[in-house]
Amino acid sequence: MPGLSMLVPFHTATSKLKSQMTNTWPPYPPPDETELDKAVRLEEEKVAKRISEEIDRQIEYDRQELKKKRSETKILLLGQAESGKSTLLKNFQIQFAPKAFEAEVDAWRAVIQLNLVRSVNVILAYLSKASAATAAASPRFSKPKDDLRWLKMRLAPLRQVEVILNRLLGVNADDPQSPSPADVGMHWDSDKLSEVAVGSDFGWRTLMRTEKPRPTSRFWDDLDDARKILEACRDDIVAMCHDQMVQSVLDEEGIEILDEPGFFFDQASRICALDYEPTAEDILRARLRTAGVEEHRLCMESPPSEKGREWVFYDVGGARGQRAAWAAYFEDVNSVMFLCPISSFDQVLSEDRLTNRLVDSLKLWKTICSSKLLENATFILFMNKSDILRKKLEAGVCFATHVEQYKDQPNDFEHVSSYIRKILLSIHKECSPKKRSIHAHTTCATDTIMMSHVLGSVRDIILMNALEQTHLIG
């Protein structure tokens, strides 16, 4: 508060003066008071009263600020792009603010349907280029190209559906990290092709369910048109998903899409229905990337002891070009949640095809651990996408081929995950500005049962550390 710093020396004297004013203020004047003495006394009383009121206001301001800090927990979500930060945030909503999560179902319906439509259009574009390349290499082998005609013709309306949903959701059409089906080449990157990217300043959640009467604007008419077209194409989408020729082409390229987040091919029939209602699992699998930094305020609904407490999440972009903006959010945070996608050992960065994703994540972790601005924050490490790591190793993908230091150790989930964990914990120990504890969890962010147990433990850790920082416990 402006000017209050000059009042601090008077605090003790004024407090004493205030204690003498408990019964009567202003005090009775002395019987032999002259006019000059009276003028001096009244001026002194006026100054004392003003100082007292300023101190009262400062005390109340400090009290409110302390109350705000005690009821607000600030959490920084860090990790490279596609590490699972947004999915982790959804899990927090499901676990601790289910009513708020339920209110966003309508908005997520449009995102999920756009994920599916985009995936179909991307697959069609990819198959067209694959068959054209095959026909060029062997002109006599033209059957696959002919067989794709019915797919292109019958699913052509989905291009219009994608255009409508892009416009309604505010998708960043110019985002170079979110290619359109027309841009799909012979390089396959499932992390980007199904992803929906929206601007952080666009209110895509205007699609949320509301108690107010439904507006009769063109907005809703377009949305209805998109859903009707999608339902009309449902049988053809399902047929494409199960078409043997389509599967064989994708298998030859080593592309598996049934379990990929954001593709939803295994749920196409249900998602295309006009009365489709997203499940929690659907929303966790949805792909949505916000360009920029987003602040999410989660008001705790449970447990009863924490009801009303506000958790503020800062979800920052993980791409290399966005990391320079991270430092501005490092101060005054209670906790840092870092997500390391341990399944990315055989992948490279989309913005740098020469850099291994796991290596980049380890370097990023080292930078975060070394920051003095974060030395008092609680560090929570999520070794995420453990399910994908397990599948890769069981399928025979060799970890040592991509991480040479692993050498001839066993190529199974237990040994590989333990190896990565040791490296991450070692980096934290060696690079931290001061000694501090770390809480590490091996997770699959789309597994709600696993995450329920993990987040319960995380909540207890964060609240305990927040109480220690506010000196409410020793």
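Residues numbered from 1 in each chain as written. Predicted model: local features only at pLDDT ≥ 70, side-chain atom pairs only at ≥ 80, totals over all residues. Heavy atoms only, no water.

## Structural notes on helix H11 (residues 234-242)
Of the positions making up H11, those classed as buried are Asp236, Ile237, Met240 and Cys241. Buried residues in H11, looked at end-on, bunch into an arc of 140°, giving them a common side. Along H11, the residues that are exposed and aim more than 90 degrees away from the buried face are Asp235 and His242. (Buried < 20%, exposed > 50% of the residue type's maximum accessible area, 1.4 Å probe, protein only. Helix = DSSP H or I, 4+ residues; strand = E, 2+ residues; numbered from the N terminus. Arc of directions from axis to C-beta.)

## Re the nonpolar core
In a soluble, globular protein the nonpolar side chains are often hidden away together inside. Judged by nonpolar contacts, the single largest core of 44 residues is most densely connected at Val120, Leu155, Leu158, Ile237 and Met240. Going through the elements one at a time, helix H5 (105-137), helix H7 (149-155), helix H8 (157-169), helix H10 (218-232), H11, helix H12 (244-252) and helix H13 (268-272) are the ones with two or more residues in this core. With near-sequence residues (within four places) excluded, Leu155 lies in contact with Val120, Leu124, Cys233, Asp236, Ile237 and Met240. Of all hydrophobic cores here, the second largest spans 38 residues; its members include Val316, Tyr406, Val416 and Tyr419. (Core = buried A, V, L, I, M, F, W, Y, C linked by side-chain atoms within 4.5 Å. Contact = heavy atoms within 4.5 Å.)

## Overview of the packing of H8 against H10
As a packed pair, H8 and H10 sit with axes 9 Å apart at the nearest point and diverge in direction by 145°. Remark: the crossing between H8 and H10 carries left-handed chirality. Here Pro157, Leu158, Val161, Ile164, Leu165, Arg167 and Leu168 of H8 come into contact with H10, specifically with Phe219, Asp222, Leu223, Ala226, Ile229 and Leu230. A class-by-class count of the residues in the contact of H8 with H10 yields 11 nonpolar, no polar and two charged. (Axes fitted to C-alpha atoms, helices over the stretch in contact; angles between N-to-C directions. Left-handed = near helix turned anticlockwise from the far one by under 90°. Nonpolar A, V, L, I, M, F, W, Y, C, P; charged D, E, K, R; others polar.)

## Considering unusual backbone geometry
For Glu82, which is not glycine, the phi torsion reads 70° and is therefore positive. Along the polypeptide, Glu82 turns up in the loop between strand S1 (72-78) and helix H3 (85-96). Even without glycine at this site, Phe264 takes up a positive phi of about 60°. Along the polypeptide, Phe264 turns up in the loop between H12 and H13. By relative accessible area, Phe264 is classed as buried at 0%.

## Focus: the packing of aromatic side chains
Enumeration over the complete set of coordinates arrives at 12 aromatic pairs. A centroid spacing of 5.8 Å and a plane angle of 50° characterise the contact between Phe92 and Trp311, whose relative ring orientation is tilted. With Phe92 in helix H3 and Trp311 in strand S5 (residues 310-315), this pair connects stretches of sequence that are 219 residues apart. Overall, the relative accessible area of 0% leaves Phe92 in the buried class. Under the relative-accessibility criterion, Trp311 is labelled buried at 0%. With 4.9 Å between their ring centres and 45° between their planes, Phe338 and Trp365 make a pair best called tilted. Pair noted here: Phe338 is in strand S6 (residues 335-341) and Trp365 is in helix H15 (residues 357-370), with a separation of 27 residues, a long-range link. Its relative accessible area of 0% is what places Trp365 among the buried residues. Three or more aromatic residues joined by ring pairs make a cluster, and in this case those are Phe92, Phe96, Trp311 and Phe313. (Phe/Tyr/Trp six-rings, centres within 6.5 Å; stacked < 30°, edge-to-face > 60°.)

## A short note on the environment of Ile462
In this structure, Ile462 sits in helix H19 (residues 448-469). Separated by 127 residues in the primary sequence, Ile462 and Ser335 place their C-alpha atoms 6.8 Å from one another. Residues in contact with Ile462, not counting those within four places in the same chain, are Thr73, Ile75, Trp311, Ser335, Met337 and Ile380.

## Re the pattern of salt bridges
Tallied over the full model, the rule gives 18 salt bridges. When the shortest N-O distance is used, the salt bridge between Glu295 and Arg297 registers 2.9 Å. You can call Arg297 partly exposed: its relative accessible area is 44%. For the salt bridge of Glu414 with Arg390, the shortest nitrogen-to-oxygen distance reads 3.9 Å. In this pair, Glu414 is assigned in helix H18 (residues 413-431) and Arg390 in helix H16 (residues 386-394), connecting sequence segments 24 residues apart. On the basis of relative accessibility, which here comes to 47%, the residue Glu414 falls in the partly exposed class. (Salt bridge = Lys/Arg side-chain N within 4 Å of Asp/Glu carboxyl O.)

## Looking at the sheet that holds S1
Read across the sheet, six strands follow the order S4-S5-S1-S6-S9-S10 without closing on themselves; strand pairing throughout is mixed. Lying at the two open borders of the sheet, with one neighbouring strand each, are strand S4 (294-299) and strand S10 (438-442). Between one strand and the next, the sheet's axes are offset by a mean angle of 20°, whatever the strand orientation. Summarising the sheet, S4 and S5 pair through six bridges and their orientation is antiparallel. Within S5, the residue paired with Leu298 across the bridge is Trp311. (Pairing = 2+ DSSP bridges.)

## Topic: the packing of H15 against H18
Angle between the axes and distance between the axes: these two values describe a pair of packed helices. Here H15 crosses H18 at 25°, and the two axes come no closer than 8 Å. Put simply, H15 runs roughly parallel to H18. By crossing handedness, the relation of H15 to H18 is classed as right-handed. Judged by residue contacts, Leu358, Leu362, Trp365, Lys366, Cys369 and Ser370 of H15 engage Ile420, Ile423, Leu424, Ile427, His428 and Cys431 from H18. Broken down by class, the residue content of the contact of H15 with H18 amounts to nine nonpolar, two polar and one charged. (Parallel < 35°, antiparallel > 145°, perpendicular 65-115°, else oblique.)

## Some points on the confidence of the model for the protein chain
Here the protein chain averages 78 in pLDDT, and 73% of its residues register 70 or above. Note that residues 1-23 has pLDDT below 50 and, in this model, 16 contacts with residues that lie over four places away or in other chains. Below pLDDT 50 for its whole length, residues 176-192 participates in 50 contacts with residues either more than four positions away or in separate chains. (pLDDT = per-residue confidence, 0-100.)

## A few points about the environment of Ser417
With respect to the helices and strands, the residue Ser417 is situated in helix H18. Expressed as a C-alpha distance, the spacing of Ser417 and Leu389, which sit 28 residues apart in the sequence, is 8.4 Å. With near-sequence residues (within four places) excluded, Ser417 lies in contact with Met383 and Leu389.

## Looking at the side chain of Asn356
Here Asn356 lies in strand S8 (residues 352-356). By relative accessible area, which is 15% here, Asn356 ends up buried. A polar contact of 2.8 Å, which involves the side chain of Asn356, links it to the backbone nitrogen of Leu358. Filtering out sequence-adjacent residues up to four positions away, Asn356 remains in contact with Ser344, Phe345, Gln347, Val348 and His402. (Polar contact = N/O pair within 3.5 Å; in protein donor to acceptor, adjacent residues only side chain to side chain.)

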